[in-house]
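Here is how the chains run, residue by residue.
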Amino acid sequence: AKYTGADRAREHTSALDATAQHHAELAAGLRRGLERGEFKLLYQPIVELPSGSVAAVEALIRWQPNDQPVISPAEFIPVAEHSGLIIDLGAWIIDTACADAAAWQLRYGTAGPLVSINVSARQLLDPDLPGMVADALSRHGLTPDRITIEITETAVFAGGAAMETVRELRELGVGVALDDFGTGHSSLTLLRTCPVTTLKVDKSFIDDLNGTAEQEAIASSLSTIAATLGLRAVAEGVETQDQADRLHALGYRYAQGFHFSRPIPAPDIDALLNAPVLT
Ligand code: C2E
Ligand code: CA
Ligand code: CA
Ligand code: CA
């Protein structure tokens, strides 16, 4: 039999159906997982250079459906976004991260780690986000400046309302970080209008810091821009001591990456704080 265009169209449709069905199953699993408490937050240290002492931590979510392997956020966050579950999941993330931040504030005062919380595009478009953050702060008795909300450029450009949400977050007194900085299309334009407090310089600018003039010039310019605008710069994805040394020489005060620590459970952060420094 001849293989026709109609056959191909049918195969294409069933492949799409399979993807759609996989997403629908994943979305249902996510909702059940939220009810059953299958999510947890890990925290990755953001250290001060050159000492390596923990200045802040970034909350990174993990999903472990009962006794199955851990599923990465890169796989399920887009599904949660698409299905709308990100709003409820996001509320859980904000609440849990604020609870941990409040415990650290009680234990260590202002020496405790600041806590960064990722929010996705759909959350940033939700007009209830600032209210949700304010509620979590007051529920846990947490000072607003102990947390930073990490947003992406794409999210800010997704709609006019996102910028207003950023302003409201700043009015609450929480920090706002621009994540993956430099990977979007108009990072510099955004800096004139979006009142962020931190730039997280994307790993792609940090990876090849092997002494080539171009890479060093870019990494150094990004830290200069941050300093000039009165913003913190955090170098992301630092994997070697050599990178850490070069970043420090280029003016970076904060860095994050597997070289210092992978994302770890909250009690392990306490162990790091009680032991002096990361190298
Ligand atoms: P991101 O916000 O850019 O987070 C940094 C990612 O890079 C994390 O992956 C982290 O484990 C990884 N990373 C850190 N240091 C290194 C390094 O030295 N080398 C390499 N190769 N990777 C490093 P993770 O935890 O798998 O998260 C992936 C993405 O999922 C995050 O990217 C973020 O966009 C999203 N995500 C994670 N947690 C949350 C959350 O609670 N809410 C939302 N909305 N998104 C989240
Ligand atoms: Ca982030
Ligand atoms: Ca990032
Ligand atoms: Ca990212």
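Residues numbered from 1 in each chain as written. Chains lettered and ligands numbered in written order. Predicted model: local features only at pLDDT ≥ 70, side-chain atom pairs only at ≥ 80, totals over all residues. Heavy atoms only, no water.

1. Brief notes about the coordination of the calcium ion (ligand 2)
- The protein atoms donating to the calcium ion (ligand 2) are Glu 58 (OE), Asn 118 (OD1), Glu 150 (OE) and Asp 179 (OD), with metal-donor distances spanning 2.2 to 2.3 Å.
- Each donor residue of the calcium ion (ligand 2) belongs to the same chain, and together they define the spacing E-x59-N-x31-E-x28-D.
- The distance between the calcium ion (ligand 2) and the calcium ion (ligand 3) comes to 4.0 Å, with Asp 179 serving as a donor to both metals. Placement of the pair is Glu 150 in strand β4 (residues 147-152) and Asp 179 in strand β5 (residues 175-181), with a sequence separation of 29 residues. (Donors = N, O, S within 2.8 Å, 3.2 Å for Na, K, Ca; no water. Helix = DSSP H or I, 4+ residues; strand = E, 2+ residues; numbered from the N terminus.)

2. Things to note about the site of ligand 1
- Neighbouring ligand 1 are 22 residues, the closest being Gln 44, Arg 62, Asp 179, Glu 239 and Phe 258.
- Note that an oxygen atom of ligand 1 is positioned 3.2 Å from one of the side-chain N or O atoms of Glu 58.
- Separating an oxygen atom of ligand 1 from a side-chain N or O atom of Asp 179 is a distance of 3.0 Å.
- Protein chains shield 78% of the accessible area of ligand 1, which is 800 Å² for the free molecule.
- With respect to the detected pockets, ligand 1 is housed in the largest pocket.
- Of all the elements in the fold, those that place two or more residues in the shell around ligand 1 are β2 (54-63), α2 (73-83) and β5.
- A per-element tally of the shell around ligand 1 places β2 first, with four residues. (Near = heavy atom within 4 Å. Polar contact = N/O pair within 3.5 Å; in protein donor to acceptor, adjacent residues only side chain to side chain. Areas by Shrake-Rupley, 256 points an atom, 1.4 Å probe, with all protein chains shown as cover. 1 Å grid on protein atoms, 1.4 Å probe; cavity = no way out; pocket = protein on both sides within 12 Å on 5 of 7 lines; lining within 4 Å. Sits in = over half its atoms within 2 Å of the grid points.)

3. Notes on the packing of helix α3 (residues 86-108) against helix α12 (residues 266-274)
- The contact between α3 and α12 brings their axes to 11 Å, and the two run at 25 degrees. In terms of orientation, α3 lies roughly parallel with respect to α12. The handedness of the crossing between α3 and α12 comes out as right-handed. Only Ala 266, Ile 269, Asp 270, Leu 273 and Asn 274 of α12 make contact with α3, whose side of the interface consists of Asp 100, Trp 104, Arg 107 and Tyr 108.
- Across the contact of α3 with α12, the residue classes tally to five nonpolar, one polar and three charged. (Axes fitted to C-alpha atoms, helices over the stretch in contact; angles between N-to-C directions. Parallel < 35°, antiparallel > 145°, perpendicular 65-115°, else oblique. Left-handed = near helix turned anticlockwise from the far one by under 90°. Contact = heavy atoms within 4.5 Å. Nonpolar A, V, L, I, M, F, W, Y, C, P; charged D, E, K, R; others polar.)

4. Description of the packing of aromatic side chains
- The full count for this structure, using the stated rule, is five aromatic pairs.
- Each ring, one from Phe 39 and one from Trp 63, has its centre 5.6 Å from the other, and the planes form 20 degrees; the classification is stacked. Placement of Phe 39 in strand β1 (residues 39-48) and of Trp 63 in strand β2 is noted, with a sequence separation of 24 residues between them.
- One Lys or Arg, Arg 232, reaches over the ring of Tyr 254 and ends 4.4 Å from the middle of that ring.
- The cationic tip of Arg 262 hangs over the ring face of Phe 258; the distance from NZ or CZ to the ring centre is 3.8 Å. (Phe/Tyr/Trp six-rings, centres within 6.5 Å; stacked < 30°, edge-to-face > 60°. Lys NZ or Arg CZ within 6 Å of the ring centre and 35° of its normal.)

5. Thoughts on the side chain of Thr 148
- Topologically, Thr 148 is positioned in strand β4.
- Residues contacting Thr 148, with those up to four places away along its chain left out, are Val 115, Ser 116, Ile 117, Gly 175, Val 176 and Ala 177.

Remember that the coordinates give geometry; whether it matters functionally is a separate question.
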